[in-house]
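# Inside the fold
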Amino acid sequence: MFYPEDFKNRVKKVYPNWDELHRLLDSGDVVVGVYLDNTSPTALSLNTILTATSLKKLQEQAKIAQEKVALYHDWCTLYNKQNPH
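Going along each chain's sequence as written, the residues are numbered from 1 onward. Local features are withheld for residues below a pLDDT of 70 in this predicted model, meaning they are given only at 70 or higher, and side-chain atom pairs are given and counted only at 80 or more; totals for whole chains, interfaces and linings count all residues. To get the side-chain values, take all heavy atoms of the structure and skip hydrogens and water.

## Considering the pattern of salt bridges
By definition, a salt bridge exists where a carboxyl oxygen of Asp or Glu is found within 4 Å of a side-chain nitrogen of Lys or Arg. Across all of its chains, the model carries five salt bridges by this definition. With its nearest N and O atoms 3.8 Å apart, the salt bridge here joins Asp-26 to Lys-8. One end of the pair, Asp-26, is in helix H2 (residues 19-27); the other, Lys-8, is in helix H1 (residues 5-14), and 18 residues separate them in sequence. Burial here depends on accessible area, computed with a 1.4 Å probe over protein chains only, as a share of the maximum for the residue type. Under 20% is buried, over 50% is exposed, and the range in between is partly exposed. Judged by its relative accessible area of 10%, Lys-8 falls in the buried class. Notably, a salt bridge pairs Lys-12 with Asp-26, separated by 2.9 Å at the nearest N-O pair. Within this pair, whereas Lys-12 is found in helix H1, its partner Asp-26 is found in helix H2, the two being separated by 14 residues in sequence. Residues joined in a network through salt bridges with shared partners are Glu-5, Lys-8, Lys-12 and Asp-26. Comment: elements are numbered from the N terminus, with helices defined as DSSP H or I runs of at least four residues and strands as E runs of at least two.

## Observations regarding the packing of aromatic side chains
Any aromatic ring pair is given by two values, namely how distant the centres are and how the planes are angled relative to each other. Side-chain rings of Phe, Tyr and Trp, where Trp is taken by its six-membered ring, are said to pair if the distance between their centres is within 6.5 Å; with planes under 30 degrees apart they count as stacked, over 60 as edge-to-face, and otherwise as tilted. Across all of its chains, the model carries five aromatic pairs by this definition. Seen from their ring centres, Trp-18 and Tyr-35 are 5.2 Å apart, and the 5° between their planes marks the pair as stacked. On the criterion of sequence distance, the pair formed by Trp-18 in the loop between H1 and H2 and Tyr-35 in helix H3 (residues 32-38) is long-range, its members being 17 residues apart. Judged by its relative accessible area of 24%, Trp-18 is partly exposed. Between Trp-75 and Tyr-79, the aromatic rings sit 5.2 Å apart at their centres with planes inclined by 20°, giving stacked as the arrangement. Note that Trp-75 and Tyr-79 are positioned in helix H5 (residues 55-82) at a spacing of four residues, about one turn of the helix. The exposure class of Trp-75 is buried, given its relative accessible area of 9%. One aromatic cluster in this structure is built from Tyr-15, Trp-18 and Tyr-35.

None of this, on its own, says anything about what the molecule does.
Right, dumping it as structure tokens:
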């Protein structure tokens with residue numbers, strides 16, 4: 001699969017220490033979608049909310065979660081464009 005540089009950069013920014021994911025992205029592996037799906041949150045946990053030290057910190061975590069959801073959505077769009085049914 002072809003991953004545009006901007007997509008790869010966004011993924012690497014959100015998952016900076018996930019070397020395997022970076023390698024799969026760079027090699028165009030379709031498994032990237034599985035990884036993004038599995039790590040795409042549907043909500044913040046109660047623990048995350050209750051242990052947040054400020055509203056700003058909580059909002060930062062929510063923005064990261066939102067970007068993870070967007071990345072998986074964008075992966076699906078790329079996949080569907082490159083693999084029409």
